[in-house]
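# Understanding the architecture of this molecule
Single-letter residue listing:
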Amino acid sequence: MTTLLVILSVLTSFLTNLETKTLQSDFVVTVSEEVNAPMNFPGSLTMHGQLFRLEMFNIQAAYDGKTMYMYSPDTDELTLTNPTEAELTEANPLLYAKALILACNVVEKASSDGKQTTVTLTPKDQSIGINRFVLIVRNSDQMPLQAEIKEGKKISTLKFKEPKFVNTKEEYVIKADKETFVNDMRL
């Protein structure tokens, strides 16, 4: 039972930091399957609680707590939606970890030098669609270093590059220019 409390305290501290502080980081997502060579996709993320701003694949995305903004500079189109909770967790792996806690067995392992903790969430019911979710957190400041999702033969790894918590106020809105086509799909 003590181990479970420690695990949940590492996870709880990490998630509390995301609710109370603003995380900024560049990252690289690597997607690999047993039969294909890995593909790498760079991007950047700013996140505070459920609010986030993300740039990846030449797409900008933001969520302000109500509206999801998706902007494509290639087509100069801004799409506005009111995402479901499931759509939010699919878009943000750190929110996905939070959603998985109650549906998973949680195991933590401290590194040999004590500088980081690896938290592995394994679904109690495999119908969730993933085999495991692994989160590596730096112990000194509860900073996320890596998140990995294994789904069948596919592994998606998100590696944070120099993540930091900042105290600045961020805007989680993408504004359209006069020429931008706005596709408003909100209800």
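None of the values given here were measured: they were computed from a predicted structure.

How each quantity is defined
- Residues numbered from 1 in each chain as written.
- Predicted model: local features only at pLDDT ≥ 70, side-chain atom pairs only at ≥ 80, totals over all residues.
- Heavy atoms only, no water.
- Helix = DSSP H or I, 4+ residues; strand = E, 2+ residues; numbered from the N terminus.
- Rg over C-alpha atoms; globule rule 2.2 N^0.38 Å.
- Buried < 20%, exposed > 50% of the residue type's maximum accessible area, 1.4 Å probe, protein only.
- Contact = heavy atoms within 4.5 Å.
- Areas by Shrake-Rupley, 256 points an atom, 1.4 Å probe, with all protein chains shown as cover.
- pLDDT = per-residue confidence, 0-100.
- Polar contact = N/O pair within 3.5 Å; in protein donor to acceptor, adjacent residues only side chain to side chain.
- Core = buried A, V, L, I, M, F, W, Y, C linked by side-chain atoms within 4.5 Å.

As a further point, take the overall build of the protein chain. Each helix and strand in the protein chain was counted, giving 3 helices and 12 strands. Taken against the 2.2 N^0.38 rule, which gives 16 Å for 187 residues, the C-alpha radius of gyration of the protein chain at 17 Å falls within 12% of a compact globule. Based on the C-alpha atoms only, the size of the protein chain along its principal axes is roughly 55 × 45 × 30 Å. Considering the protein chain as a whole, with its 187 residues, one finds that 39% of them fall into the buried category. Residue pairs at least 24 apart in sequence account for 47% of intrachain contacts in the protein chain once pairs closer than 6 positions are excluded. Total accessible area computed for the protein chain in this model is approximately 10,800 Å², and 53% of it derives from carbon and sulfur atoms.

This part covers the confidence of the model for the protein chain. Chain-level pLDDT for the protein chain is 88 on average; 95% of the residues reach the 70-or-more range. Segment residues 1-7 is flagged for pLDDT under 50; beyond a separation of four residues in sequence, or across chains, it makes 4 contacts in the model.

What follows concerns the side chain of Thr117. By secondary structure assignment, the location of Thr117 is in strand β8 (residues 116-123). Using a relative accessible area of 3% as the deciding quantity, one classes Thr117 as buried. Looking at Thr117, its side chain comes within polar contact range of the side chain of Asn139, at 2.6 Å. Setting aside anything within four residues of it in sequence, one finds Thr117 in contact with Val10, Glu108, Lys109, Ala110, Leu135, Ile136, Val137 and Asn139.

Moving on, we come to the environment of Phe165. Within the secondary structure, Phe165 sits in strand β11 (residues 154-166). Counting along the chain gives 76 residues from Phe165 to Thr89, while the straight-line C-alpha distance between them is 21 Å. The contact partners of Phe165, leaving out residues within four places of it in the chain, are Asn17, Leu18, Lys21, Thr22, Leu23, Asp141, Gln142 and Met143.

This part covers the nonpolar core. Membership of the largest hydrophobic core comes to 36 residues, with the highest contact counts inside it found for Phe52, Leu94, Leu121, Phe133 and Leu135. Apart from residues no more than four positions distant in its own chain, Phe133 is found in contact with Pro93, Tyr96, Ala97, Leu100, Val119, Thr120, Leu121, Ala147, Glu148 and Ile149. In terms of nonpolar packing, the next biggest core, distinct from the first, is built from 6 residues, Ala62, Tyr69, Tyr71 and Leu78 among them.

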